[in-house]
Amino acid sequence: MGNEYSTYDAKARFSEIIRKVREGKVVTISYHGRPVAEIRPIEPHGEGIDDHLRRLEERGAIVRSKERRGRLRPIARKRGALNRFLRERSE
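Everything numeric in this text was worked out from a predicted model, so none of it was measured.

The rules behind the values
Residues numbered from 1 in each chain as written. Predicted model: local features only at pLDDT ≥ 70, side-chain atom pairs only at ≥ 80, totals over all residues. Heavy atoms only, no water. Buried < 20%, exposed > 50% of the residue type's maximum accessible area, 1.4 Å probe, protein only. Helix = DSSP H or I, 4+ residues; strand = E, 2+ residues; numbered from the N terminus. Pairing = 2+ DSSP bridges. Patch = residues over 30% accessible without salt bridge, like charges linked within 9 Å, V, L, I, M, F, W, Y side chains within 5 Å. Areas by Shrake-Rupley, 256 points an atom, 1.4 Å probe, with all protein chains shown as cover. Salt bridge = Lys/Arg side-chain N within 4 Å of Asp/Glu carboxyl O. pLDDT = per-residue confidence, 0-100.

Caption draft 1: Molecular detail of the pairing of strand β3 (residues 34-39). Judged by how many residues are buried, β3 sits mostly at the surface: 0 of 6 residues are covered. Where strand β2 (residues 27-31) and β3 come together, 5 bridges link them in antiparallel fashion. Of the residues in β3, the one forming a bridge with I29 is A37.

This is the structure we're talking about:
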């Protein structure tokens, strides 16, 4: 079986799904043939912002601009605002 399970199969094969996730695979759960959830490995903490942005880009959650606009400067006053934003975006 691939990495997509119906809700019925997911309940019956939960141990198999967890094994696949522990191996680093992403498992999709579907309801009436439509994907509704993903079970994925927990990302390690302490990764750099570049790694996190690269992974979000690979998943299609963000798209890099094709033009260079110069140096970025912070717009948030609270420390860690970017990390909080990226963490919420990836959930």
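So, next bit.
Caption draft 2: Layout of a nonpolar patch on the surface. The grouping of I49, L82 and F85 at the surface amounts to a nonpolar patch, some 270 Å² of accessible area in total. Residue placement: F85 occurs in helix α4 (residues 81-90).

Caption draft 3: Up close: the confidence of the model for the protein. Chain-level statistics for the protein give a pLDDT mean of 85 and a share of 91% at 70 or above. When mean pLDDT is taken per element in the protein, β2 scores highest with 96 and α4 scores lowest with 79.

Caption draft 4: Main features of the pattern of salt bridges. Tallied over the full model, the rule gives 7 salt bridges. The residue R54 makes a salt bridge to D51 at a minimum N-O spacing of 4.0 Å. Separated by 3 residues within a single helix, R54 and D51 lie in helix α3 (residues 49-59), roughly one turn from each other. The shortest N-O distance in the salt bridge between E58 and R54 comes to 3.0 Å. Here the residue E58 and the residue R54 both occupy positions in helix α3, the gap between them amounting to 4 residues, near one helical turn. Here the salt bridges do not stand alone but share partners, grouping R19, E23 and K25 into one network.

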